[in-house]
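A look at the structure
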Amino acid sequence: MQNTLKSPVVFEGVGLHSGAQVRMVLRPAAAGHGIWFRRTDIQIGNAMIPALWDVVERTALCTRLVNRSGVTVSTVEHVMAALAGCGVHNALIEIDGPEVPILDGSSAPFVRGIMARGIRRLAAPVLAFQILQPISVEKDGARATLLPSDRFQIEFHIDFADAAIGRQSLSLDMRNGTFARELCDSRTFCRQADVDSMHANGLALGGTLDNAVVVDGDEVLSPGGFRYEDEAVRHKMLDALGDLSLAGGPIMGHYIGERAGHALTNTLLRKVFCTPGSVRTVLCSPEQASVLPGQGLVLSEIPHVA
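The structure reproduced in this document is the subject of the present report. Every value quoted in this text rests on a predicted model; they were computed, and no experiment measured them.

Turning to the packing of aromatic side chains, a few remarks are in order. Summed over the entire model, instances satisfying the criterion amount to 5 aromatic pairs. Aromatic pair F129 and F273: ring centres 5.3 Å apart, planes at 90 degrees, arrangement edge-to-face. Of this pair, F129 sits in strand β11 (residues 127–131) while F273 sits in helix α6 (residues 262–274); the two residues are 144 residues apart in sequence, bridging distant segments of the chain. Aromatic pair F160 and F189: ring centres 5.5 Å apart, planes at 75 degrees, arrangement edge-to-face. Taken together, the residues F160 in the loop between β14 (152–159) and β15 (167–173) and F189 in strand β16 (residues 189–191) connect sequence positions 29 residues apart. The class for F189 is buried, based on a relative accessible area of 13%. Cluster of aromatic residues (ring-pair linked, three or more members): W53, F129 and F273.

So, in structure tokens, the structure goes:
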């Protein structure tokens, strides 16, 4: 069945790129509501923004949503991954600024906050999107693919010149709380050269060594280093889950990312939903729902870094 939160949960922090302080409240919502953002600082016009693939504004560094009135909310991928990974299908996200707080750079604080409040089951079946044929997109040596599967799997491959990251690969079946146990505490990462470039262009103003892992060649500049040897590829998988959740419901398919980023994953979703015969909607049976992300997750399984 569809799920929502049992009660509201509040998060406060700074936006990674804007550096602005922001307060965000995740609120329960009725069955069929889906995930929506509401900009509480917008007093005139339409402040509601749906968390859907077709309102994504193409950016390389984060996922930004924009409604028909031009109202935006940025860096939504980590909170969207947390909601999907906890099996939350319906929520209203109230936010008093243009960017989701970065917190520690992962989804773990969101996951712990959601699970501490608890999940409420609703009287409506889950609507999932089943991939029926292979769909792939490529750009500049990167590729994103969705293959048919009876469950949701994420596979990712990265290759960075910096020896601190190098080549990493990982594949996970996302059922039974895998996201919370294996991916949610993996933090955003970047190269020092990228940080310098972003600062020069007025970006990453809220970035610190406490909310991002910064590498320079074979050196990890952030205190304590990586949480996992392959934290970088785990975070790319976290981002992919958040971006794919903008389908509007769980996906039953096998996602493969090869050096893919936010924009390419969104391009893949656009191709899936614009290609006849590539996807169908499924009202999940209890057996089908049992293999979706978040099913069976308990608070004690969430990494303690959250």
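Mapped onto the secondary structure, T40 falls in the loop between β4 (35–39) and β5 (48–50). Judged by its relative accessible area of 29%, T40 is partly exposed. With 38 residues separating them along the chain, T40 and Q2 place their C-alpha atoms 26 Å apart.

This part is about the nonpolar core. A general feature of soluble globular proteins is that nonpolar side chains tend to end up buried together. Core analysis: the largest hydrophobic core is formed by 75 residues, its most contacted members being M24, L26, F37, L65, V100, F179 and Y255. Top element by residues in this core is helix α5 (residues 231–244). It accounts for 7 residues. Once residues lying within four places of it in the same chain are set aside, the contact partners of L26 are L5, S7, P8, V9, F11, V79, L83, L92, I93 and I114.

Take the pattern of salt bridges next. Throughout the structure, instances matching the rule amount to 17 salt bridges. A salt bridge links R227 to D104; the nearest nitrogen and oxygen atoms lie 3.1 Å apart. Taken together, the residues span a long stretch of sequence, with R227 in the loop between β18 (219–220) and α5 and D104 in the loop between β9 (91–95) and α2 (108–117) at a distance of 123 residues. Between R143 and E138 there is a salt bridge, with the nearest N and O atoms lying 3.4 Å from each other. Where salt bridges share partners, they join D150, R151, D173 and R175 into one cluster.

Thresholds, definitions, all that
Residues numbered from 1 in each chain as written. Predicted model: local features only at pLDDT ≥ 70, side-chain atom pairs only at ≥ 80, totals over all residues. Heavy atoms only, no water. Phe/Tyr/Trp six-rings, centres within 6.5 Å; stacked < 30°, edge-to-face > 60°. Helix = DSSP H or I, 4+ residues; strand = E, 2+ residues; numbered from the N terminus. Buried < 20%, exposed > 50% of the residue type's maximum accessible area, 1.4 Å probe, protein only. Core = buried A, V, L, I, M, F, W, Y, C linked by side-chain atoms within 4.5 Å. Contact = heavy atoms within 4.5 Å. Salt bridge = Lys/Arg side-chain N within 4 Å of Asp/Glu carboxyl O.

Interpretation in functional terms is not warranted from these geometric data alone.
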